[in-house]
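Residue-level structure breakdown
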Amino acid sequence: MTSNIQLHPSWLEVLKDEFLKPYFKDLKDFLLQEKQSGQIVFPPGSRIFAALDETHFDKVKVVIIGQDPYHGTGQANGMCFSVNRGITPPPSLKNIYKEVETDLGLQPPNHGDLSSWAANGVLLLNAVLTVRANQPASHQNKGWEVFTDTIIQTLSKKKSNLVFFLWGSFAKGKRNLIDSNKHLILEAAHPSPFSAYNGFFGCHHFSKANLYLKERGIEEINWRLI
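What this report covers is the structure whose coordinates are included nearby. Quick caveat, the model's predicted, so the values are computed rather than measured. (Residues numbered from 1 in each chain as written. Predicted model: local features only at pLDDT ≥ 70, side-chain atom pairs only at ≥ 80, totals over all residues. Heavy atoms only, no water.)

When helices and strands are tallied, the protein shows 8 helices and 6 strands. Reading the helices (α) and strands (β) of the protein from amino to carboxyl end gives α-α-β-α-β-α-α-β-β-α-β-α-β-α. At 17 Å, the protein has a C-alpha radius of gyration in line with the 17 Å of a compact globule built from 226 residues. Along the three orthogonal principal directions, the C-alpha set of the protein runs to about 50 × 35 × 30 Å. The 226 residues of the protein split such that 52% are buried. (Helix = DSSP H or I, 4+ residues; strand = E, 2+ residues; numbered from the N terminus. Rg over C-alpha atoms; globule rule 2.2 N^0.38 Å. Buried < 20%, exposed > 50% of the residue type's maximum accessible area, 1.4 Å probe, protein only.)

Structural data, given as structure tokens:
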């Protein structure tokens, strides 16, 4: 399922050793077994690495960390919190839009496609890159977390002045992978309706990220979604 996917050269250069490690072979075997047993897996194979395809290593400025893909039909598109146009934005994404509007005065779009953020340098990285249809967290602890932890650590080590958005307890658990002396770490509650009022709303992460980038002479993120 992953063997036919070609990563952008900028990512392949820093991650090439991962594909040779035993855990990644086990992960590929697991995904192949899922396919052979008739399980429906999201996102489609060509979109599993979409977050990396859409935001090349050398372009990353902000990292948003999600947990695992949406498990409803047609929702997962390989970028955390994002859905394709024509798919109703899920509740967490709607709350993200509310915070962007409060923070920056930008009107929410009528879609859930975050690819323009990705093109601007926002890496929309789920910790787990696949999921069984209608079975949340079904592909956790199969190896994806090792792979994406390596991505976070590599970004922290090889780059400077990144902004990491850690929303919710799961994402906050990645804090120890990031060098806070080189990067800005912004933490808040998860934007889910169950927790957004406990510290996500009013976090002003979007303006804080741009201020941090601007102060370092880095072009700010255009958070406006057309």
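Counting 38 residues, the largest nonpolar core has Val62, Ile64, Ile96, Trp117, Phe165, Trp167 and Trp223 as its most contacted members. Among the elements of the structure, strand E2 (62-66), helix H4 (91-104), helix H5 (115-119), strand E3 (122-126), strand E5 (163-167), strand E6 (184-188) and helix H8 (205-215) are those that each provide at least two residues to this core. With sequence-adjacent residues up to four places away left out, Val62 is seen in contact with Gly121, Val122, Leu123, Val163, Phe165, Ala209, Leu213, Ile221 and Trp223. (Core = buried A, V, L, I, M, F, W, Y, C linked by side-chain atoms within 4.5 Å. Contact = heavy atoms within 4.5 Å.)

Moving on: unusual backbone geometry. A cis amide bond links Phe42 with the next residue in sequence, Pro43, at an omega value of -5 degrees. The topology assignment puts Pro43 in the loop between strand E1 (41-42) and helix H3 (50-54). The phi dihedral of Asn134 is positive, around 60 degrees, even though this residue is not glycine. Note that Asn134 resides in the loop between strand E4 (131-132) and helix H6 (144-158). A positive phi is found at Asn141, a non-glycine position, where the angle reads about 60 degrees.

What follows covers the environment of Lys214. Here Lys214 shows up in helix H8. In this structure the C-alpha to C-alpha distance between Lys214 and Thr88, which are 126 residues apart in sequence, comes to 33 Å.

Here we come to the pairing of E3. By the criterion of burial, E3 is predominantly enclosed, with 5 of the 5 residues buried. Here E3 shows a buried face lined by Val122, Leu124 and Asn126 and a second buried face lined by Leu123 and Leu125. Relative to E3, E2 runs parallel, the two sharing 5 bridges. Residue pairing for E3: Ile64 is matched across the bridge by Leu124. (Pairing = 2+ DSSP bridges.)

Before going further, it helps to examine the sheet that holds E5. Pairing between sheet strands relies on hydrogen bonds along the backbone, with the strands arranged either parallel or antiparallel. Spatially, the 4 strands line up as an open sheet ordered E3-E2-E5-E6, and their pairing is parallel. The open sheet is flanked by E3 and E6, the only strands paired with a single partner. Each strand of the sheet is rotated relative to its neighbour by a mean of 20 degrees, with strand direction disregarded. One ladder, built from 5 bridges, connects E5 with E6; its direction is parallel. When the sheet's bridge partners are listed, Phe164 is paired in E6 with Ile185. (Axes fitted to C-alpha atoms, helices over the stretch in contact; angles between N-to-C directions.)

That is the geometry; function is a separate question.
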